[in-house]
Structures are given as C-alpha cells and as structure tokens.
Amino acid sequence: MQLSTNLTLAEVTRSESAKRNGISNEPTAEHIENFKKLANKIFQPIRSNFGVPIHISSGYRSAALNKFVKGSATSQHCTGEAIDIDMDGTTISNKQIFDFIKNHLKFDQLIWEFGTDKNPDWVHVSYEANGDQRGQVLKAIKKSGKTAYVSYI
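All figures in this text were calculated on a predicted structure; none of them were measured in a lab. Every chain's residues receive numbers from 1 upward, in the order its sequence appears when written. With pLDDT at 70 or above as the cut-off, local features in this predicted model cover only qualifying residues; side-chain atom pairs require 80 or more to be listed or tallied, and sums for whole chains, interfaces and linings still use all residues. No hydrogens and no water enter the side-chain calculation; it runs on all heavy atoms of the structure.

Draft legend 1. A look at the packing of aromatic side chains. Working definition: rings of Phe, Tyr and Trp (its six-membered ring) pair if their centres are within 6.5 Å, and the pair is stacked with planes under 30 degrees apart, edge-to-face with planes over 60 apart, and tilted otherwise. Throughout the structure, instances matching the rule amount to six aromatic pairs. With centroids separated by 5.7 Å and ring planes inclined at 70 degrees, the aromatic side chains of phenylalanine 50 and phenylalanine 100 adopt a geometry described as edge-to-face. With a gap of 50 residues between them, phenylalanine 50 in helix H3 (residues 29-50) and phenylalanine 100 in helix H5 (residues 94-104) connect regions that are remote in the sequence. In this pair, the class of phenylalanine 50 matches that of phenylalanine 100, namely buried. Cluster of aromatic residues (ring-pair linked, three or more members): Phe98, Trp112 and Tyr152. Runs of H or I in DSSP of at least four residues are treated as helices and runs of E of at least two as strands, each being numbered from the N terminus. Only protein chains enter the calculation, and the probe is 1.4 Å; a residue is then buried if its accessible area is under 20% of its type maximum, exposed if over 50%, and partly exposed in between.

Next comes the structure, spelled out in structure tokens:
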C-alpha cells in the first residue's frame, strides 16, 4: 500500500526485531491514516527536496514491539505518527535532513538523536495526526547512563 508517492506501508512497518521474535507489527486502520498524513506532510517533502531514497530506520511499532524494544510508553511510533531517518552511507547527512525539517516543515517533534555536534546518529520526527504541531526541537543525550532530552539550540 502506498502512503505517499515514494513511501509504502511495508517500509514503515518493517522490523527485524519483530521478525526475529515473532512479534506482530500490523498497524490499525487509524494508524495507517496517521502514517498517510506523516508521509505527505513530512516524508514526501524530504524525498522531493533531496531527490534520493530516504532511509527509515524505525517506523511503526505495535504495543508488543514497543515493549520488547523498551520504547517510551507514549511513543508516537505506536500511533503511526513518527519515523526515524538514518542516511548513513549515502550522500545526504542526517544533519541535512534535520536542518531541512527544522527550517521548512511543520512538525510535532524533531529530535537530534545522539551523535556529535556536527551530525546526529539519526533523526526522529513526528507529525501529530490532529494537525496541532508543537514544533518542538530537542537533542537526545546520555545523562548518568540514561537518555535525556534537552532543548536544541
């Protein structure tokens, strides 16, 4: 099923952890509708701007999969409202993706995920299906061995 011109449902539900551990990762009809909004408001503008395939490292997570990977109980990955993008090994950097989203798109949450001051390890972006976007920009860091989120400056 196509979610947008260049994004399929299979791409956002693919999970090696789910496959290896026999965990169902099938989204509900509501979650699919949420992903269609995210695909058209976030993914497709990125794809169209850069003109190259955009690599999603994490998309939909069923409740069972989210629990297995120790994801946040309030993760927007579980509602079809978030994707993680990782462009390692391509001509486009994660920073370029981050900056494009920050400067050109309406989003709910954008997170510079770890990495260095020059390039994140990956980029988390979410789009609130109800259309009410917070525009929150954060940076994930390790603090006393735990993940903490600070305002991105």
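Draft legend 2. Examining the pattern of salt bridges more closely. Salt bridge, as applied in this entry: a Lys or Arg side-chain nitrogen positioned within 4 Å of an Asp or Glu carboxyl oxygen. Within the structure shown, the criterion is met by five salt bridges. A salt bridge links aspartate 108 to arginine 134; the shortest N-O distance between them is 2.8 Å. Of this pair, aspartate 108 sits in the loop between H5 and strand S5 (109-113) while arginine 134 sits in the loop between strand S6 (122-126) and strand S7 (136-143), and the two are 26 residues apart along the sequence. A relative accessible area of 2% places aspartate 108 in the buried class. The class for arginine 134 is exposed, based on a relative accessible area of 51%.

Draft legend 3. Representation of the sheet that holds strand S3 (residues 56-58) within the structure. Judged by pairing direction, the sheet is mixed, and its six strands sit side by side in the order S3-S4-S6-S5-S7-S8 without closing on themselves. What marks the edges here is a single partner per strand, and that holds for S3 and strand S8 (146-151). The sheet shows a mean angle of 30 degrees between the axes of neighbouring strands, taken without regard to direction. In this scheme, strands are said to pair when DSSP sees at least two bridges between them. Where S5 meets S7, five bridges bridge the pair, whose relative direction is parallel. Residue glutamine 109 lies in a different strand from S7, and its bridge partner there is glutamine 136. Across the sheet, H3 lies against S3, strand S4 (82-85) and S6, angled at about 30 degrees from S4, the strand it touches most. Working rule for contacts: check all heavy atoms of both residues, and any pair within 4.5 Å makes them a contact. Fitted lines through C-alpha atoms serve as axes, helices being fitted only where they are in contact, and the angles separating the N-to-C directions of these axes extend from 0 to 180 degrees. Sitting on the sheet, H5 is in contact with S4, S5, S6 and S7, with an inclination near 160 degrees to S5.

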